[in-house]
Amino acid sequence: MTPLSFQIHTFGCKVNTYDSGLIQARLNDTGFMSATAEPQVHILNTCAVTRTATLDAVKMARRLKIKNPFSLVVVTGCAAQVDTEEFPGVDLVVANSHKAELSNLIRQYYNGKLRERIHKSNIFRKEDLEGGGGYEPGHTRAFLKIQDGCDSFCTFCVIPFARGKSRSLTRQDLVRRVNELVSSGVKEVVFTGVHIGDYVDGEGRLEDLLSAILSDTAVQRIRLSSLEPIEVSERLLQLYLDPRMCRHFHMSIQSTETRVLHAMKRQYDAAEVENSLLRIAAQVPESFVGMDVIAGFPGESDEEFRQGVERLEQLPWTRLHVFPYSSRPGTYAARLPQLEPSVIKRRAEILRDLSARRLEQSAAAQVGTLKRALALRGGGLLSRDYWSIESAEPVAPNEEVTLKVTSMHAGRLRGEAIYGAAT
Ligand code: SF4
């Protein structure tokens, strides 16, 4: 039988990218053939973090079906789990609860053995978590999912309903997987998940996993995806004495105001935000600190916003990722009185301006410093402390060199390689 050709369209976060890598590997292993054009099967691995994210997938599914009515359009991922009814026109809806069965379901469909169009069950009953992914052909860095799901239920977030309760891969599995990645030439592994601060393996927590990776693997660069302020423990900061831990913190803070944080049902307050940033600056100096903040959360007063900006101006960080609040149906916050769109837009602009100024200052301070930088297959180099650097000389992809930063323009650095020098 001629192998069925397929193409995966990935929406959303690094966790979805990881999941798409697993789907790709499983389909290839079960006799399907990857295609980049005109495939028989289109798989949309969707995101539902905002209403817009779901609608983007709805539009693509409709477009693909119009373009080739004989192709099979399959929707999976978070929108398939929480916005199932939004996809009346697609052939198969396979929610996250059934994602691991995707290849079987497609084969049954072609064998005429499949009656149901929608395959979905209670995501909170999902216990398993599949390992083995993380390497994407053409990518330099490996994004390795260590954990999935979330138990926090922040009032603005739909993710727990899309991905279920928090569950983690074992340290043993992850050490083995990292060693496989290292032996295939990977130099940097980014540990990702929905809420990596929730990582647990028996008595072990995130710090124990990282200690095992540092002692039992030869990976050169370890980077973490987002952390919450209360997850920046003393033990974690101690691990950064090892130069293999990349001095880059992606902080998921969302706000700096205690009443707003409580309305979001975040597990920390303004003092804990401040404390975590000051400890990072003191104990892991020269770190790149990126922070997720929501602009215009329902009920955030002018005064709270003003105080928040003032507090941010006082604190040590490098760049803000600003998310204008968008109401996500199915969340508690969507039922609260919403701020005017113009107010949300204005607050997002103010935060983005603040971030641009801070990034420019931080980038200027990098001139003259030495950086260990990894040449990315997509071009450019990435330093351990998360600066994008252009090198005056060509550097072979996946090679790590020492660069002296010679100039900065619009937050981007330029440097010249100093071979043999270690930072
Ligand atoms: S911690 Fe909150 S924002 Fe993050 S995934 Fe969990 S519920 Fe969503």
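These numbers were taken from a predicted model, which means no experiment stands behind them.

**Quick look at the site of the ligand**
Link 1 in the chain: All residues adjacent to the ligand are C150, S152, F153, C154, F156, C157, I159, P160, V194, H195, E228 and R266.
Link 2 in the chain: Looking at side-chain class alone, the shell around the ligand contains eight nonpolar, two polar and two charged residues.

**Structural notes on the sheet that holds strand β16 (residues 370–375)**
Link 1 in the chain: Strand order in the closed barrel formed by five strands is β16-β17-β18-β20-β19, with mixed pairing between adjacent strands. Across the sheet, the axes of successive neighbouring strands diverge by a mean angle of 50°, strand direction being ignored.
Link 2 in the chain: In the sheet, β16 pairs with strand β17 (residues 381–383) via three bridges, with the strands oriented antiparallel. Residue pairing across strands places L374 opposite L382, the latter belonging to β17.

**Regarding the pattern of salt bridges**
Link 1 in the chain: Going through the model one piece at a time under the given rule, you end up with 36 salt bridges.
Link 2 in the chain: One salt bridge connects D201 with R171, and the closest N-O pair in it is separated by 2.9 Å. Residue D201 is located in strand β10 (residues 200–201), and its partner R171 is located in helix α6 (residues 171–183); the two are separated by 30 residues in the primary sequence.
Link 3 in the chain: Since its relative accessible area comes to 19%, D201 is described here as buried.
Link 4 in the chain: Among the salt bridges present, the one from R347 reaches D302, with a minimum N-O distance of 2.6 Å. One end of the pair, R347, is in helix α12 (residues 341–364); the other, D302, is in helix α11 (residues 302–314), with 45 residues separating them in the sequence.

**A short note on the domain arrangement of the chain**
When the parts of a complex come together, some accessible area is lost, and that lost area is often taken as the interface size.
Link 1 in the chain: Assigned domains within the chain: domain 1 (5–121), domain 2 (124–225), domain 3 (251–365) and domain 4 (370–417).
Link 2 in the chain: One C-alpha centre belongs to domain 1, the other to domain 4; they are set 37 Å apart.

**Remarks on empty space enclosed by the protein**
Link 1 in the chain: Evaluated as defined, the whole model comprises three cavities of 30 Å³ or more.
Link 2 in the chain: In terms of lining residues, the largest cavity is bounded by 16 residues, among which D19, K99, K126, E130 and K145 are the most central.
Link 3 in the chain: Going through the elements one at a time, α1 (14–29) and β7 (142–148) are the ones with two or more residues in the lining of the largest cavity.
Link 4 in the chain: Broken down by element, the residue count for the lining of the largest cavity peaks at four residues, all from α1.
Link 5 in the chain: Of the residues in the lining of the largest cavity, the class split is five nonpolar, one polar and ten charged.
Link 6 in the chain: The wall of the second largest cavity is formed by 14 residues, among which S255, T256, E300, L312 and L351 lie closest to the centre.
Link 7 in the chain: When contributions to the lining of the second largest cavity are tallied by element, the ones reaching two or more residues are β14 (288–295) and α11.
Link 8 in the chain: At five residues, the largest contribution of residues to the lining of the second largest cavity is made by α11.

**Points about the sheet that holds strand β12 (residues 221–224)**
Link 1 in the chain: Spatially, the four strands line up as an open sheet ordered β8-β7-β9-β12, and their pairing is mixed. Each edge of the open sheet carries a strand with a single partner, namely β8 (167–168) and β12.
Link 2 in the chain: When β7 meets β8, the two strands line up antiparallel, connected through two bridges. Counterpart to Q147 in the pairing with β8 is S168.
Link 3 in the chain: Each of β7 and β9 (188–193) is contacted by α1, which is oriented at about 100° to β7, the strand it contacts most.
Link 4 in the chain: Contacts from α6 reach β7 and β9 within the one sheet, and its direction differs from that of β7 by about 170°.

**Things to note about the environment of D216**
Link 1 in the chain: In this fold, D216 is placed in helix α7 (residues 206–216).
Link 2 in the chain: Measuring from C-alpha to C-alpha, the distance between D216 and R176 comes to 9.0 Å, with 40 residues separating the pair along the chain.
Link 3 in the chain: For D216, the residues in contact, after removing those within four places along its chain, are V175 and N179.

**Regarding the environment of R279**
Link 1 in the chain: Relative to the elements of secondary structure, R279 occurs in helix α10 (residues 270–283).
Link 2 in the chain: Along the chain, R279 and S233 lie 46 residues apart, while their C-alpha atoms are 9.4 Å from each other.
Link 3 in the chain: A distance of 2.6 Å separates a polar side-chain atom of R279 from the backbone oxygen of V232.

Procedures and definitions
- Residues numbered from 1 in each chain as written.
- Predicted model: local features only at pLDDT ≥ 70, side-chain atom pairs only at ≥ 80, totals over all residues.
- Heavy atoms only, no water.
- Near = heavy atom within 4 Å.
- Nonpolar A, V, L, I, M, F, W, Y, C, P; charged D, E, K, R; others polar.
- Pairing = 2+ DSSP bridges.
- Helix = DSSP H or I, 4+ residues; strand = E, 2+ residues; numbered from the N terminus.
- Axes fitted to C-alpha atoms, helices over the stretch in contact; angles between N-to-C directions.
- Salt bridge = Lys/Arg side-chain N within 4 Å of Asp/Glu carboxyl O.
- Buried < 20%, exposed > 50% of the residue type's maximum accessible area, 1.4 Å probe, protein only.
- Domains from an automatic or database assignment.
- 1 Å grid on protein atoms, 1.4 Å probe; cavity = no way out; pocket = protein on both sides within 12 Å on 5 of 7 lines; lining within 4 Å.
- Points joined across faces, edges and corners; volume = space filled by probe spheres on them.
- Contact = heavy atoms within 4.5 Å.
- Polar contact = N/O pair within 3.5 Å; in protein donor to acceptor, adjacent residues only side chain to side chain.

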